[in-house]
Amino acid sequence: MAHLAIQKPTPLTVIKAMGKRWAPSLSIWGVGIGTAALFLLSVTPVVKNGLLVKLPVIGNYYEDKTPPSDKPF
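Residues numbered from 1 in each chain as written. Predicted model: local features only at pLDDT ≥ 70, side-chain atom pairs only at ≥ 80, totals over all residues. Heavy atoms only, no water.

*Asks:* Which parts of the structure should I look at to understand the overall build of the protein?
*Replies:* Check the secondary structure of the protein and you find two helices and zero strands. Whereas a compact globule of 73 residues would reach a radius of gyration of roughly 11 Å, the protein reaches 25 Å, over 25% beyond that. Expressed along its principal axes, the backbone C-alpha trace of the protein runs to roughly 95 × 25 × 15 Å. Scored against the burial criterion, the 73 residues of the protein give a buried share of 5%. Put simply, the protein shows about 7000 Å² of open surface, and 71% of that area lies on carbon and sulfur atoms. (Helix = DSSP H or I, 4+ residues; strand = E, 2+ residues; numbered from the N terminus. Rg over C-alpha atoms; globule rule 2.2 N^0.38 Å. Buried < 20%, exposed > 50% of the residue type's maximum accessible area, 1.4 Å probe, protein only. Areas by Shrake-Rupley, 256 points an atom, 1.4 Å probe, with all protein chains shown as cover.)

So this is what it looks like as structure tokens:
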């Protein structure tokens with residue numbers, strides 16, 4: 001007669017299976033949340049001057065072109 005042997009999966013195989021299952025969804029959510037955070041924080045000077053102005057393609061869009069005489073502070 002055939003002998004049926006049940007093997008328990010190792011923790012590493014369980015983690016790899018869960019990673020393959022959830023990685024696409026989590027990466028899409030991560031990109032979406034990161035984009036939303038960057039969009040919402042783009043009006044703050046720290047994000048604008050520290051990150052957005054230094055981007056090669058769109059940095060010129062975020063430069064402050066207001067003359068110093070028109071700035072209240």
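*Asks:* It is not clear to me how the pattern of salt bridges should be interpreted in this structure. Could you clarify?
*Replies:* Taken as a whole and assessed by the stated rule, the structure comprises one salt bridge. Between aspartate 64 and lysine 71 there is a salt bridge; the shortest N-O distance is 3.0 Å. The exposure class assigned to lysine 71 is partly exposed, which follows from its relative accessible area of 37%. (Salt bridge = Lys/Arg side-chain N within 4 Å of Asp/Glu carboxyl O.)

*Asks:* It is not clear to me how the environment of serine 69 should be interpreted in this structure. Could you clarify?
*Replies:* With respect to the helices, strands and loops of the structure, serine 69 is situated in the segment after helix H2 (45-52). Under the relative-accessibility criterion, serine 69 is labelled exposed at 67%. Serine 69 sits 31 residues away from leucine 38 along the chain, and the two C-alpha atoms are 29 Å apart.

*Asks:* Can you walk me through the packing of aromatic side chains in this structure?
*Replies:* In this description, a pair of aromatic rings is defined by centroid distance and the angle of the planes. A complete count under the given rule lists one aromatic pair for this structure. Residues tyrosine 61 and tyrosine 62 carry aromatic rings whose centres are separated by 5.0 Å and whose planes lie at 90 degrees to one another, so their mutual orientation is edge-to-face. Residue classification places tyrosine 62 among the partly exposed positions, given a relative accessible area of 21%. (Phe/Tyr/Trp six-rings, centres within 6.5 Å; stacked < 30°, edge-to-face > 60°.)

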